[in-house]
Amino acid sequence: PDLDDPTTDPFDVARLAAEVIARRTGVEKHDVALVLGSGWGGAADLLGETVAELASHEVPGFSRPAVAGHVGTLRSVRIAGDGDRPDRHALVLGSRTHLYEGRGVRRVVHGVRTAAAAGASTVVLTNGCGGLNPAWGPGTPVLVRDHLNLTATSPLEGATFVDLTDLYSQRLRAVAREVDASLDEGVYVQFPGPHYETPAEVAMAGRLGGDLVGMSTTLEAIAARHAGLEVLGISLVTNLAAGISPEPLDHAEVLAAGRAAGPRISALLAEVVRR
Ligand SMILES: Nc1nc2[nH]c(I)nc2c(=O)[nH]1
């Protein structure tokens, strides 16, 4: 079934993908899903034992990643239970499709729809982003409190009216703060990209109440809420957004900051999911 065919029901493709994942991993139900953005790659290993790893393009609806040589993977990770809690399983979506790839919004949200079809009740959306608050240096994790979707699009089709109050679960943000009380919160603004914002656009996002600028997450969050998932969003500030500091954006610096923050944010994410 082709997600690009308007007559295809995207939820049929998600159900098919979930069946393939259950069969290939041997895990009937995945309780929580993680979407790992830039800088978050190491979290899965700290979460528990990888039960199975699939090449994502072997699962219906997932496409080969745009970056040559980078194989997208889906991982099933067992989160060991403790005394009074059974083992749980996390579905780790290693590669996400960004809107700027032009593959359509259905592919952008196929991962979270598949996670819901695979039994998940919670999804953790992580990303790398630019920060508007100078106090958040590169490598700072920030909880997403709410978002501004500047993509002028939606993953939902037709008269699908969905309430988005408390979209980024207050309960899950409290759990995250139990793990790390120093975590700040912010409003995440999604731009279409793939270019970074001009200083004027960053200033505009600030005036609109934004604290973080990125190119992902908001559409996935909307689709996750529509699919009945509880959503936690965590951003990793990898650079000060354009114009906030006099320095130009340097992609190498962005990647380095993400790597340096790896251990701390991976431990944070693993502990939050374990709860
Ligand atoms: N839009 C936008 N996306 C980003 N992703 C990362 I990493 N840094 C940025 C940024 O400064 N702006």
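Each chain has its residues counted from 1, following the order in which its sequence is written. Per-residue local features are limited, in this predicted model, to residues with pLDDT of at least 70; the limit for side-chain atom pairs, both in listing and counting, is 80 or more; totals at the level of whole chains, interfaces and linings are taken over all residues. Where side-chain values are given, they derive from all heavy atoms of the structure, hydrogens and water being excluded.

(A) The side chain of Asn-239, seen in detail. Of note, Asn-239 is situated in strand E9 (residues 230-240). By the criterion applied in these results, polar contacts are pairs of N or O atoms within 3.5 Å in which, for protein atoms, one can donate a hydrogen and the other can accept it, and in which residues neighboring in sequence qualify only through two side-chain atoms. There is a polar contact of 3.1 Å between the side chain of Asn-239 and the side chain of Thr-238. Helix and strand assignments come from DSSP, with helices taken as H or I runs of at least 4 residues and strands as E runs of at least 2, each series counted from the N terminus.

(B) Region of the structure containing the site of the ligand. Within the structure, the ligand sits among Gly-128, Cys-129, Gly-130, Tyr-196, Glu-197, Val-213, Gly-214, Met-215, Thr-238, Asn-239 and Val-254. For the ligand, a nitrogen atom lies 2.5 Å from a polar atom in the side chain of Glu-197. At 3.5 Å, a backbone N or O of Gly-214 approaches a nitrogen atom of the ligand. Computed with a 1.4 Å probe, the accessible areas rest on the Shrake-Rupley method; for each residue, only the protein chains presented here act as cover. Calculation on the ligand without its partners gives an accessible area of 330 Å², and the protein chains cover 94% of this total. Those elements that place two or more of their residues in the shell around the ligand are strand E5 (122-131), strand E8 (212-214) and E9. Classifying every residue of the shell around the ligand gives five nonpolar, five polar and one charged. Proximity is defined per residue: any heavy atom of the residue falling within 4 Å of a molecule or strand makes that residue near it. Note on residue classes: Ala, Val, Leu, Ile, Met, Phe, Trp, Tyr, Cys and Pro are nonpolar, Asp, Glu, Lys and Arg are charged, and everything else, Gly too, is polar.

(C) Looking closely at the pattern of salt bridges. Only one rule defines a salt bridge in this text: a Lys or Arg side-chain nitrogen within 4 Å of an Asp or Glu carboxyl oxygen. Scanning the entire structure with this criterion turns up 20 salt bridges. Taking the shortest distance from any N to any O, the salt bridge between Arg-15 and Asp-12 comes out at 2.6 Å. Note that Arg-15 and Asp-12 are positioned in helix H1 (residues 10-25) at a spacing of three residues, about one turn of the helix. Working definition: with a 1.4 Å probe on protein chains only, accessible area under 20% of the residue-type maximum means buried, over 50% means exposed, and in between means partly exposed. Residue Arg-15 is classed as partly exposed on the basis of its relative accessible area of 42%. The shortest N-O distance in the salt bridge between Arg-274 and Glu-271 comes to 3.5 Å. One end of the pair, Arg-274, and the other, Glu-271, are both in helix H7 (residues 251-274), three residues apart, so they sit about a helical turn from each other. With a relative accessible area of 24%, Glu-271 lands in the partly exposed category. A single network of salt bridges, built from pairs that share partners, joins Asp-166, Arg-173, Arg-177 and Glu-185.

(D) A look at the layout of surface pockets. Computed from the structure, the second largest pocket encloses a volume of approximately 210 Å³. Computed over the protein atoms alone on a 1 Å grid, cavities are sets of points where a 1.4 Å probe fits but cannot get out and pockets are open sets with protein on both sides within 12 Å along at least five of seven lines; a residue lines them when it has an atom within 4 Å of a point. Taken together, 14 residues make up the lining of the second largest pocket; nearest its centre are Arg-88, Thr-122, Leu-172, Val-273 and Arg-275. In terms of residues, the lining of the second largest pocket owes the most to one element, helix H4 (residues 170-179), which gives three residues. Residue composition of the lining of the second largest pocket, grouped by class: seven nonpolar, two polar and five charged. Grid points are joined across faces, edges and corners, and a volume is the space filled by probe spheres set on the points.

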